[in-house]
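# Summary of structural features
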Amino acid sequence: MKKFLLLAAVVMCLTFSGLAAFADDDLGVAMLRYEKYYQADMKANKQLTDDQIFEYKSSPNNAGTYMPLASHYYGLGKYTESFPYYKKAAEAGSKQGALMLAISYVKGMGTNIHNGDGAKWMLAAADGGNPIAQYFMAHMYKEGVSVERSQTAVDKWFAAAAAKGVTDSTLN
């Protein structure tokens, strides 16, 4: 289990440092590209075995056990199974879990579309320092997706994401 957690941590670091596949003015298109990138990344990595799934499900409940399960099911395209684990991971403090939960709500993946909950969890991930969430939060303010349009907020979140290397130009 420790090896998988280490692998998951490395994958998440690579996801944020090597992301180069999406940037548009449209939040939905940007999210779609990120989803495809993330899902391909999850598929490229070895899926959990039945024994590993059982071990995670039997482990203490925390973000470290929820994220591998969520990512496993997401990688298989089983969004109704990944959604509750992303929700539990986000509630346990995982910023990646909060980002994926926000995307799930905004896109209706494994749940009904609910932009208000999507904005709530995207803000939690962005406030926690997740640069992809910061980038998406800027777009949410720019487009007025469940938040009031605000150029000040747009500038703030684009600057925060850019400080961590996530900009329109680096994502093209």
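You'll find the structure just up there.
Counting from 1, residues in each chain are numbered in the order their sequence is written. Where local features are concerned, this predicted model is filtered to residues with pLDDT of at least 70; where side-chain atom pairs are given and counted, the filter is 80 or more; whole-chain, interface and lining totals use all residues. Side-chain measures were taken over the full set of non-hydrogen atoms in the model, leaving aside hydrogen atoms and water.

### As for the overall build of the protein
Our working definition: Only DSSP runs of H or I reaching four residues or more are called helices, and only runs of E reaching two or more are called strands; each is numbered from the N terminus. Three exposure classes are used, based on accessible area relative to the maximum for each residue type with a 1.4 Å probe and protein chains only: buried under 20%, partly exposed in between, and exposed over 50%. Any two residues whose heavy atoms approach within 4.5 Å are treated as being in contact. Using a 1.4 Å probe, accessible areas were evaluated by the Shrake-Rupley method; residue-level cover was limited to the displayed protein chains.
The secondary structure content of the protein amounts to 10 helices and zero strands. In the protein, the succession of α and β elements from N to C terminus is α-α-α-α-α-α-α-α-α-α. Taken across its 172 residues, the protein has 44% of its residues classed as buried. Pairs at least 24 residues apart make up 57% of the contacts formed inside the protein by residues separated by at least 6 positions. Taken as a whole, the protein presents about 8,200 Å² of accessible surface, with 55% of it coming from carbon and sulfur.

### Notes on the packing of helix α3 (residues 50-58) against helix α4 (residues 63-75)
As a reminder of what qualifies: Fitted lines through C-alpha atoms serve as axes, helices being fitted only where they are in contact, and the angles separating the N-to-C directions of these axes extend from 0 to 180 degrees. Here is the rule for angles: anything less than 35 degrees is roughly parallel, anything more than 145 is roughly antiparallel, 65 through 115 is roughly perpendicular, and the remaining ranges are oblique. By convention the crossing between two helices is left-handed if the near helix lies anticlockwise of the far one by an angle smaller than a right angle, and right-handed if it lies clockwise. Only Asp, Glu, Lys and Arg are considered charged in this grouping, and only Ala, Val, Leu, Ile, Met, Phe, Trp, Tyr, Cys and Pro are considered nonpolar; every other residue, Gly among them, is considered polar.
Contact geometry for α3 and α4: axes closest at 9 Å, N-to-C directions at 140°. By the angle between their directions, the pair α3 and α4 is classed as oblique. Crossing of α3 over α4 shows left-handed handedness. Here α3 contributes Ile53, Tyr56 and Lys57 to the contact with α4, which in turn contributes Gly64, Thr65, Pro68, Leu69, His72 and Tyr73. Residues of the contact of α3 with α4, tallied by class, amount to five nonpolar, three polar and one charged.

### Quick word on the packing of aromatic side chains
So the rule is basically this: Working definition: a ring pair exists when centres of Phe, Tyr or Trp rings (six-membered ring for Trp) sit within 6.5 Å. Plane angles under 30 degrees give stacked, over 60 give edge-to-face, the rest tilted.
Taken as a whole and judged by the stated rule, the model has seven aromatic pairs. Taking the centre distance of 6.2 Å and the plane angle of 55° together, the rings of Tyr135 and Phe136 count as tilted. The residues Tyr135 and Phe136 share a single accessibility class, namely buried.

### Here we look at the side chain of Thr65
The line we're drawing: Polar contacts, as used here, are pairs of N or O atoms within 3.5 Å; protein pairs need one atom able to donate a hydrogen and one able to accept it. Residues neighboring in sequence count only if both atoms are side-chain atoms.
Examined against the element boundaries, Thr65 turns out to sit in helix α4. At 3.0 Å, the side chain of Thr65 forms a polar contact with the backbone oxygen of Pro60. Engagement of the side chain of Thr65 in a polar contact is seen with the backbone oxygen of Asn62, the distance being 2.9 Å.

### Focus on helix α5 (residues 79-91)
Using the following cut-off: In this analysis, the expected span of each helix is defined as 1.5 Å times one less than the number of residues it contains.
If you check α5, its first and last C-alpha atoms are 18 Å apart, about what 13 residues at 1.5 Å a residue would give, namely 18 Å. Restricting attention to buried positions, one finds in α5 the residues Ser82, Phe83, Tyr85, Tyr86, Ala89 and Ala90.

### Topic: the packing of helix α8 (residues 131-143) against helix α9 (residues 151-163)
A pair of packed helices can be characterised by two numbers: the angle between their axes and the separation between those axes. The interhelical angle for the contact between α8 and α9, taken along N-to-C directions, is 160°, at an axis separation of 8 Å. Between α8 and α9, the angle falls in the class roughly antiparallel. The handedness of the crossing between α8 and α9 comes out as left-handed. Contact residues: Pro131, Gln134, Tyr135, Met137, Ala138, His139, Tyr141 and Lys142 in α8; Ala153, Val154, Trp157, Phe158, Ala160 and Ala161 in α9. The class makeup of the residues in the contact of α8 with α9 is 11 nonpolar, two polar and one charged.

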